[in-house]
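A closer look at the structure
Here's the letter readout for the chains.
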Amino acid sequence: LLGSAAGILFGLAAALTKTTVSMLDEGLGAVLWDWHVYALVIVSVAAFWLEQAALQTGALAAAVATTMGLDPLSSLVFGIVLFEEALHESAVGYTISLLSLGAALAGLVILARAKGAEAPPRSAPAPEPA
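Because the structure is a prediction, the values reported are computed rather than measured. (Residues numbered from 1 in each chain as written. Predicted model: local features only at pLDDT ≥ 70, side-chain atom pairs only at ≥ 80, totals over all residues. Heavy atoms only, no water.)

1. Here's the deal with helix H3 (residues 35-56)
What counts here: Per the convention used, a helix needs a DSSP run of H or I reaching at least four residues, while a strand needs a run of E reaching at least two, with both numbered from the N terminus. Take the number of residues in a helix, subtract one, and multiply by 1.5 Å to get its expected span. For every residue, the accessible area (1.4 Å probe, protein chains only) is compared with the maximum for its type, and the residue is labelled buried under 20%, exposed over 50%, or partly exposed between those bounds. Directions are taken from the helix axis to each C-beta atom, and the arc is the one they span.
Here H3 spans 32 Å end to end across 22 residues, near enough to the 32 Å set by a 1.5 Å rise per residue. Of the positions making up H3, those classed as buried are His36, Val37, Ala39, Leu40, Val43, Ser44, Ala47, Leu50, Glu51 and Ala54. Along the axis of H3, the buried positions cluster into a sector of 150 degrees, meaning they face one direction only. Looking at H3, the residues exposed on the side facing more than 90 degrees away from the buried face are Ile42, Val45, Phe48, Trp49 and Gln56. Count one or two residues on from H3 and you reach glycine 58, which has phi positive near 95 degrees.

The following block contains the structure:
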């Protein structure tokens, strides 16, 4: 859950970054007086904090997979909903994109379910020299 929340917030940070960067044409003062830049800072700090909390749980594969999966997905949703962006104009483009997305998500599920390599057995401590 922590990795999922971090991934979604990283996607929101991407949307806020796009808005903030698009305002640079108006000058640095316009950027500093706009609420988007402050929201970007808050969301980014929260996303990093959640990511670190997810990694500290010890379930590294699940934490990394959910963050990596939900970051681009949430960025995609925010881009389409908030910025009215379109991915493609043809059915072939949409089909290739959906197949690619499915392959990426399948890989992330496999990664999340993977077990880490077993630790080597501990050897007995060496005797101290006399």
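2. Some details on the packing of aromatic side chains
Note the following rule: Only centres within 6.5 Å qualify two rings of Phe, Tyr or Trp (six-membered ring in Trp) as a pair; their planes then separate them into stacked at under 30 degrees, edge-to-face at over 60, and tilted for everything else.
A full pass over the atoms with the stated rule returns one aromatic pair. Taking 5.2 Å as the distance between ring centres and 80 degrees as the angle between the ring planes, the aromatic pair formed by phenylalanine 10 and phenylalanine 48 counts as edge-to-face. Here the residue phenylalanine 10 occupies a position in helix H1 (residues 2-22), and phenylalanine 48 occupies one in helix H3, the gap between them amounting to 38 residues. With a relative accessible area of 18%, phenylalanine 10 lands in the buried category.

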